[in-house]
Amino acid sequence: MPNHLHGETEQEYNRTEALATIDHVRELAEVGIWALVAKDYSTVAEALADIHEKSLMAKALLRGDTTD
């Protein structure tokens, strides 16, 4: 969905959203690493599932596939 107020094209908007999603993946990875160190395996599993979901979302945004 383009942000016409700021003059972004749909491609620019999708790229911005993908980059924000990738930043979120980095945060989730850090959570997962610390959970692994603490041997909190349920949190590790949740972080990995979230990382997978967000990675797919970022890939779809970069491809321009914004349909659910």
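Cut-offs applied
Residues numbered from 1 in each chain as written. Predicted model: local features only at pLDDT ≥ 70, side-chain atom pairs only at ≥ 80, totals over all residues. Heavy atoms only, no water. Helix = DSSP H or I, 4+ residues; strand = E, 2+ residues; numbered from the N terminus. Buried < 20%, exposed > 50% of the residue type's maximum accessible area, 1.4 Å probe, protein only. Contact = heavy atoms within 4.5 Å. Areas by Shrake-Rupley, 256 points an atom, 1.4 Å probe, with all protein chains shown as cover. Salt bridge = Lys/Arg side-chain N within 4 Å of Asp/Glu carboxyl O.

Chemist: In this structure, what is going on with the overall build of the chain? I would like to understand it.
Modeler: Broken down by element type, the chain carries two helices and zero strands. Per-residue burial for the chain yields a buried fraction of 19% across its 68 residues. A separation of at least 24 residues holds for 50% of the contacts in the chain among residues at least 6 apart in sequence. Entry remark: accessible area of the chain is about 5,300 Å², with carbon and sulfur atoms responsible for 59%.

Chemist: Help me understand the side chain of Thr21, please; the structure alone is not making it clear to me.
Modeler: Looking at where Thr21 falls in the secondary structure, it is placed in helix 1 (residues 10–37). Under the relative-accessibility criterion, Thr21 is labelled buried at 9%. Setting aside residues no more than four positions away along its own chain, Thr21 makes contact with Lys54, Met57, Ala58 and Leu61.

Chemist: Would you mind showing me how to read the pattern of salt bridges here?
Modeler: Opposite charge on two side chains permits them to pair, given that their charged atoms come into close proximity. Scanning all chains against the criterion turns up one salt bridge. One salt bridge in this structure joins Arg26 and Asp23, with 2.9 Å as the shortest N-O distance. Of this pair, Arg26 and Asp23 both sit in helix 1, three residues apart, which is roughly one turn of the helix. For Arg26, a relative accessible area of 55% puts it in the exposed group.

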